[in-house]
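A look at the structure
Below are the chains, spelled out letter by letter.
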Amino acid sequence: MNDISDNSSNTLVNGGTVANSGIPKDGTGVLSIDPWLEPFKDTLKRRYAKAQSWIDTINKTEGGLEKFSKGTEVFGLNVNKDSSITYREWAPNAKQASLIGEFNNWDRNAHRMKKNEYGVFEITIPPTAPGQPAIPHHSKIKITLELPDGQWVDRLPAWIKYVTQDLSVSPAYEARFWNPPQAEKYTFKHKRPSKPESLRIYEAHVGISSPECKVATYKEFTKNMLPRIKNLGYNAIQLMAIMEHAYYASFGYQVNSFFAASSRYGPPEDLKELVDTAHAMGIAVLLDVVHSHASKNVLDGLNEFDGTDHQYFHGGGRGKHDLWDSRLFNYGHHEVMRFLLSNLRFWMDEYSFDGFRFDGVTSMLYHHHGIGTGFSGGYHEYFGPDVDEEAVVYLMLANEMLHALYPDVITVAEDVSGMPALCLPLSLGGVGFDYRLAMAIPDMWIKILKEKKDEDWDIGAITWTLTNRRHGEKTIAYAESHDQALVGDKTLMMHLCDAELYTNMSVLTPLTPVIDRGMALHKMIRLLTHALGGEGYLNFEGNEFGHPEWLDFPREGNQNSFWYARRQLNLTEDGLLRYQFLNNFDRSMNLCENKYGWLHAPQAYISLKHEGDKVIVFERAGLVFVFNFHHTNSFTDYRIGIEQAGTYRIVLDSDTKEHGGFNRLDPNTRFFTSDLPWNNRKNSTHVYIPSRTVIVCFPFPGMLAPDD
């Protein structure tokens, strides 16, 4: 990476460090990493100044970001020490408001609220007896509002922490007061793990994490999935669809209750147990947070909460996402800023998450939301009038708050545009994310598999895409995205093998050319992406072993079937199926990285990209990676360049029996370098590389292989 970037503070208020004390404190520090940003220094200064202005305003009016982001202690329902309940709700357009529920027989006149000059309604309800709150735990509640036209409307409290859905009655959610007795509250027992040097993420959806036709639970995920993830060598989990969403098939991306953990999978305490158990295993847990848009639901969402279309969102067309059919936040509003920053703080404090993958960042960054826009990479696209600077500044403040309060926090941006400085420290004028997703990589692999035969693969183009990332900004690489597992698309393994996944994956049947090719390339694509594509790696659950089914959630179009809304993780446990070999390789790949640490090593040096032989050779973290993508040719005595002289041995081999290969390589082979320079490296050696295999070598004597 870059020393200036690595040694700079990821907050604005803390400024720089001794190492970068000469860097200007006006948002133009990024120029020291990318001088091509010079023409846009005024824009960088303006964004930085806007973020500083927000911080100054919050310091003066709210007592600082730390206090401002504790909105859950002020808004929503809070139980006081005397067991009274205080409820506050911001609804500036409403004339009157009442808290209603089962506790007062839904009587609009029983608990009227008072409105202050800022449009906030408030009520404190005394306990019914000492130690007995007036609203029972788990009972249904709503707020009812009188609009200026005299109409009364019912809404779910915006800061509600638990909502439930009974589809046999209605798809609309019902708000419930979550206040379990002390004996039923989950107490965290384990500290958060330290921030991993090498981030290996297992992306998962709790509901589909079972081979059964049902919605899996937090409890089941904790029991069944966490040991699997740990065994596979991942050190982080990215949980999807946790923020409550009305429509299960939305994959969690149409959020209606931002502070509620989805009740589909169980109560909040079970999610806390999941996170705590992961921490006990040394696994960090990231939340897939959706602040890019919100469900347009009115009955059980934020939309038209106080009768207007511009309370939490922009009014008119600017507040609507045409493609997603959802609402767009007004990031420049004080109360919206409080709501969203407090939302991040809540998930960190209440559930002890370790960070966030911010969904839909491209949509946030631009007024056009990326719709119908092809980014050319020209810098004018990132600093012109199409950029929504209010959203940019919100993301700067979100990273400021998170990194100031939680030094080991991990923030990941899902951005397809490639905006410069998105993942540079805030003190340099960056937006402050730790990582961005390398979204071009899975698109590249799918395009190649769709359009080209093996013999026509462009080795140079593949390695260019894998290494084409911004200097000083960390990237998380992935070979295929969860979108490619959905109906209408195909995973890598489905592209490679198609129907034969259903007929020829048994070890009792002959290995067909299609399955042989598919398994070999599946392993090679994943390791090449893992080792060359970034400073982190991500896999969507099931894809590690070539899951044979697509994803399709229960919906009207499939008779509400759960058949495809599950993961057949049991396939890897059947000793008669070849899926086990891909699963084994995924584990070996992660364990090898864990031992040698290529993800946090400097970017690889590629010494060979041979178009005719289809061979790629590169070095990273002291390891030598040798890929032979040729569809028929194996090469004996193939000379490769190596910078560091020594005696090398194989530490990872895709061709072993354990990995579903043919055992064509002797694991005891030693490769002795000679001082003959080759391919711009000081030394060289000869290797045997069978067709469609990859080997990874390390100097011997030294660290032993992962399996030793």
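Residues numbered from 1 in each chain as written. Predicted model: local features only at pLDDT ≥ 70, side-chain atom pairs only at ≥ 80, totals over all residues. Heavy atoms only, no water.

Looking at an unreviewed UniProt entry, one finds the chain named 1,4-alpha-glucan-branching enzyme, with Sordaria brevicollis as its source organism. Comment text from UniProt for the chain, heading Function (unreviewed entry), reads "Glycogen-branching enzyme participates in the glycogen biosynthetic process along with glycogenin and glycogen synthase. Generates alpha-1,6-glucosidic branches from alpha-1,4-linked glucose chains, to increase solubility of the glycogen polymer." For the chain, the Catalytic activity (unreviewed entry) comment in UniProt is given as "Transfers a segment of a (1->4)-alpha-D-glucan chain to a primary hydroxy group in a similar glucan chain." (UniProt positions renumbered as here; feature names shortened; annotations may be inferred.)

Turning to empty space enclosed by the protein, a few remarks are in order. Under the counting rule described, the total for this entry stands at two cavities of 30 Å³ or more. Taken as a whole, the largest cavity encloses approximately 50 Å³ of empty space. In this structure, the largest cavity is lined by Leu 44, Arg 47, Val 392, Met 396, Pro 420, Ala 421, Gly 429, Gly 430 and Val 431. Taken together, the elements giving at least two residues each to the lining of the largest cavity come down to helix 2 (41–62) and helix 9 (389–405). Tallied by class, residues from the lining of the largest cavity come to six nonpolar, two polar and one charged. Looking at the second largest cavity, its volume works out to about 40 Å³. In this structure, the second largest cavity is lined by Leu 156, Pro 157, Ala 158, Ile 160, Asn 256, Ser 257, Asp 300, Gly 301 and Leu 302. Tallied by class, residues from the lining of the second largest cavity come to five nonpolar, three polar and one charged. (1 Å grid on protein atoms, 1.4 Å probe; cavity = no way out; pocket = protein on both sides within 12 Å on 5 of 7 lines; lining within 4 Å. Points joined across faces, edges and corners; volume = space filled by probe spheres on them. Helix = DSSP H or I, 4+ residues; strand = E, 2+ residues; numbered from the N terminus. Nonpolar A, V, L, I, M, F, W, Y, C, P; charged D, E, K, R; others polar.)

As enumerated under the stated definition, the model contains 41 aromatic pairs in all. Each ring, one from Tyr 186 and one from Phe 188, has its centre 5.8 Å from the other, and the planes form 90 degrees; the classification is edge-to-face. Their ring planes at 5 degrees and their centres at 5.9 Å tell us that Phe 627 and Phe 629 sit as a pair that is stacked. Each member of the pair Phe 627 and Phe 629 is classed as buried. (Phe/Tyr/Trp six-rings, centres within 6.5 Å; stacked < 30°, edge-to-face > 60°. Buried < 20%, exposed > 50% of the residue type's maximum accessible area, 1.4 Å probe, protein only.)

Now for the pairing of strand 8 (residues 163–166). Where strand 8 meets strand 9 (residues 170–176), four bridges bridge the pair, whose relative direction is antiparallel. By the bridge assignment for strand 9, Gln 165 is matched with Tyr 173. Linking strand 8 back to strand 9 in an antiparallel pair, the connection comprises three residues. (Pairing = 2+ DSSP bridges.)

According to UniProt, the feature "active site" (unreviewed entry) maps to Asp 359 and Glu 414 in the numbering used here. In summary, the annotated positions, though distributed over 56 residues, converge in three dimensions, the widest C-alpha pair being only 5.5 Å. Considering only the annotated residues already named, the ones lining the largest pocket are Asp 359 and Glu 414. Its place among the elements puts Asp 359 in the loop between strand 17 (355–358) and helix 7 (361–365). Contacts of Asp 359, omitting those with residues within four sequence positions, involve Tyr 253, Asp 288, Val 289, Val 290, Ser 292, His 293, Met 364 and Glu 414. Inspection of the secondary structure puts Glu 414 in the loop between strand 18 (410–413) and strand 19 (435–437). (Contact = heavy atoms within 4.5 Å.)

With phi around 50 degrees, Asn 679 is a residue other than glycine that occupies positive phi space. With respect to the element layout, Asn 679 can be found in the loop between strand 27 (670–672) and strand 28 (683–689). Assessed through its relative accessible area of 26%, Asn 679 is described here as partly exposed. In this structure, Arg 692 takes a positive phi of about 50 degrees despite not being glycine. Examined against the element boundaries, Arg 692 turns out to sit in the loop between strand 28 and strand 29 (693–700). Take Arg 692: its relative accessible area is 17%, and that puts it in the buried class.

Spacing of three or four residues puts side chains on the same side of an α-helix, whose turn is 3.6 residues. In this model, helix 10 (residues 440–451) (12 residues) spans 16 Å end to end at C-alpha, consistent with the 16 Å of a helix rising 1.5 Å per residue. When helix 10 is considered as a whole, its buried residues turn out to be Ile 441, Pro 442, Met 444, Trp 445, Ile 446, Ile 448 and Leu 449. Where helix 10 is buried, its residues contact helix 11 (459–467), strand 20 (475–477), helix 12 (492–497) and helix 14 (513–532). (Expected span 1.5 Å × (residues − 1).)

Here the largest pocket is characterised by a volume of approximately 870 Å³. In terms of lining, the largest pocket is formed by 39 residues, of which the most central are Trp 324, Asp 359, Glu 414, Met 439 and Asp 483. Breaking the lining of the largest pocket down by element, the ones donating at least two residues are helix 7 and helix 10. Here the lining of the largest pocket is built from residues that sort into 17 nonpolar, 13 polar and nine charged.

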